Amino acid sequence: MKRILVLGSINIDHSYELERIVRPGETVASRAYRTAWGGKGLNQAIALAKAGAETALAAQLSAGDRPGLEKFCAPFGLDLSKVRGLDCPSGHAIIQVESSGQNSIIIAAGANGRMEDETISAVDDYGPGDILLLQNEVDRMPEIIRRGKEQGMTVALNPSPYTSEMLDWPLELVDIFILNETEGEYISGSAQVEEMLGALAAKFPAAGIVLTLGAQGSIYRRGEEEHRAAALKVEAVDTTAAGDTYTGYFLAGLLQGKNVKEAMVLATRAAAITVSRPGAAGSIPLAKEVENW
Ligand code: RIB
């Protein structure tokens, strides 16, 4: 079976539950506070592993936080042998979650912002047919994209969070984009969904493009091929990691032989469960939960 390497971030999430997200100049007391594992790289790797895909994570964190991460990940078989402990703080995120379930996130890179050669060289153990899944929470991204492609890997990119320098990355080497409306607008230059899809498909004619639209579901486009999956209605408690869950389950579905539409439906179900629970990595469901939901 094909393997997947996620090369990305690990964060310690500090989440604050609030009536509504804080406005500029305001001080607000939180109703609840918790710390938990997060980071788009770790969340997506966990989603893949929980979905049953053979997944390894290449990432960096503070050496002192490693034992805690190993304990947390032990139940679902995510390969952490390419995660390296450094002598610096782990990345972290400050997350406001309001009663509608919407969030607002600030990240501080820590170890994610100083990617070392040894961590990036994890890519060298992979080859044609394997997938390299990337986000935008670590540095040296253009080099990492090129390195994956040189190995013959299928490069999947979740361009999140969007930063303007991304437009200078070798995006033409990306085989699969999984992005939301905001990221799609920045990359395509168009705010209207159909125009955005048209512009992305014209810009990256060989790539599969998955556009996630929250309550409007998701759309896949590759050349003339198009598939749509409707959203599922759930009571949102916390939307953190919903996109990460979708990304992981979508790619796991493809790796497990599902067609694109089936993988979209699977990913939509998994993400719906994630938003009904608080937290990031810990809120991602197991494949069994998705099947029985
Ligand atoms: O996508 C959710 C994640 O974004 C959080 O876990 C946080 O760490 C940030 O990376």
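Right above here is the structure, for reference.
What you see is a predicted model; the values in this text were computed from it and never measured. (Residues numbered from 1 in each chain as written. Predicted model: local features only at pLDDT ≥ 70, side-chain atom pairs only at ≥ 80, totals over all residues. Heavy atoms only, no water.)

J.: Tell me about the packing of aromatic side chains, and please be specific about residues and values.
T.: The full count for this structure, using the stated rule, is five aromatic pairs. When the ring of Phe-72 is compared with that of Phe-76, the centres are 6.0 Å apart and the planes differ by 85°; the resulting orientation is edge-to-face. Ring centres of Tyr-162 and Tyr-186 lie 4.1 Å apart, and the angle between their planes is 5°; this geometry places the pair in the stacked category. Of this pair, Tyr-162 sits in the loop between strand E9 (154–157) and strand E10 (176–180) while Tyr-186 is found in helix H5 (residues 181–188), placing the two residues 24 residues apart along the sequence. A residue is classified by how much of its surface remains accessible, and Tyr-162, at 18% relative accessible area, is buried. Look at Tyr-186 and you get partly exposed, because its relative accessible area is 48%. Just above the ring of Tyr-126 sits the side chain of Arg-3; from NZ or CZ to the centre is 4.2 Å. (Phe/Tyr/Trp six-rings, centres within 6.5 Å; stacked < 30°, edge-to-face > 60°. Helix = DSSP H or I, 4+ residues; strand = E, 2+ residues; numbered from the N terminus. Buried < 20%, exposed > 50% of the residue type's maximum accessible area, 1.4 Å probe, protein only. Lys NZ or Arg CZ within 6 Å of the ring centre and 35° of its normal.)

J.: Can you explain the site of the ligand? Please cite residues and give values.
T.: Asp-13, Gly-39, Lys-40, Glu-137 and Asp-244 are the nearest of the 14 residues found near the ligand. In the environment of the ligand, an oxygen atom lies 2.7 Å from a nitrogen or oxygen atom belonging to the side chain of Glu-137. A distance of 2.7 Å is found between an oxygen atom of the ligand and a side-chain nitrogen or oxygen belonging to Asp-244. Summarising the interface, the protein chains cover 96% of the accessible area of the ligand, which totals 280 Å² for the free molecule. Where the shell around the ligand is concerned, the elements lending two or more residues are strand E2 (11–18), helix H1 (40–50) and strand E7 (103–108). (Near = heavy atom within 4 Å. Polar contact = N/O pair within 3.5 Å; in protein donor to acceptor, adjacent residues only side chain to side chain. Areas by Shrake-Rupley, 256 points an atom, 1.4 Å probe, with all protein chains shown as cover.)

J.: Explain the pattern of salt bridges to me, and be specific about the residues and the numbers.
T.: Two side chains with opposite charge may pair up if their charged atoms get near one another. Going through the model one piece at a time under the given rule, you end up with 18 salt bridges. Arg-221 is the partner of Glu-226 in a salt bridge, and the nearest nitrogen-oxygen pair spans 2.8 Å. Of the residues examined, Arg-221 reaches a relative accessible area of 15% and is grouped as buried. (Salt bridge = Lys/Arg side-chain N within 4 Å of Asp/Glu carboxyl O.)

J.: Talk me through the environment of Pro-128; I want residue IDs and the actual numbers.
T.: Its place among the elements puts Pro-128 in the loop between helix H3 (117–120) and strand E8 (131–134). Residue classification places Pro-128 among the exposed residues on the basis of a relative accessible area of 69%. If sequence neighbours within four positions are ignored, Pro-128 has contacts with Gln-151 and Gly-152. (Contact = heavy atoms within 4.5 Å.)

J.: If you had to explain the packing of H1 against helix H7 (residues 242–255) to someone new, which residues and values would you point to?
T.: Where H1 meets H7, the closest approach of the two axes is 8 Å, and the angle between their N-to-C directions is 40°. One element, H1, and the other, H7, form an angle in the oblique class. In the packing of H1 onto H7, the handedness of the crossing is right-handed. Every residue of H7 that contacts H1 at Lys-40, Asn-43, Gln-44, Ala-47, Leu-48 and Lys-50 is listed here: Asp-244, Thr-245, Thr-247, Gly-248, Tyr-249, Leu-251 and Ala-252. Of the residues contributing to the contact of H1 with H7, the split by class is five nonpolar, five polar and three charged. (Axes fitted to C-alpha atoms, helices over the stretch in contact; angles between N-to-C directions. Parallel < 35°, antiparallel > 145°, perpendicular 65-115°, else oblique. Left-handed = near helix turned anticlockwise from the far one by under 90°. Nonpolar A, V, L, I, M, F, W, Y, C, P; charged D, E, K, R; others polar.)

J.: I'd like to hear about a nonpolar patch on the surface, residue by residue, with values.
T.: A contiguous nonpolar surface patch, about 250 Å² in accessible area, is contributed by Leu-232, Val-234 and Trp-293. By the secondary structure assignment, Leu-232 is in the loop between strand E13 (225–229) and H7. (Patch = residues over 30% accessible without salt bridge, like charges linked within 9 Å, V, L, I, M, F, W, Y side chains within 5 Å.)

J.: So what's going on with unusual backbone geometry? Which residues, and what values?
T.: Looking along the chain, the bond that leaves Ser-160 and enters Pro-161 is cis, with omega of -5°. Within the secondary structure, Pro-161 is located in the loop between E9 and E10. Phi angles above zero are rare outside glycine, and Ala-241 is one such case at about 75°. You can see Ala-241 is positioned in the loop between E13 and H7.

J.: How would you sum up the environment of Asp-175? Please name residues and give values.
T.: Its place among the elements puts Asp-175 in the loop between E9 and E10. Sequence separation of Asp-175 and Ala-156 is 19 residues, and the distance between their C-alpha atoms is 5.9 Å. If near-sequence neighbours (up to four positions away) are discounted, Asp-175 is found in contact with Lys-149, Met-153, Thr-154, Val-155, Ala-207 and Gly-208.

J.: I'd like a rundown of the sheet that holds strand E3 (residues 32–38), residues and numbers included.
T.: A sheet is described by the order of its strands in space; here four strands give the open sequence E3-E2-E6-E7, paired in mixed fashion. Two strands in the sheet have a free side with no partner beyond their single neighbour: E3 and E7. Between one strand axis and the next, the sheet turns through 20° on average, direction left out of account. Pairing of E2 with strand E6 (residues 91–98), which is carried by eight bridges, proceeds in the parallel orientation. Note on E6: the bridge partner recorded for Glu-17 is Val-97. (Pairing = 2+ DSSP bridges.)

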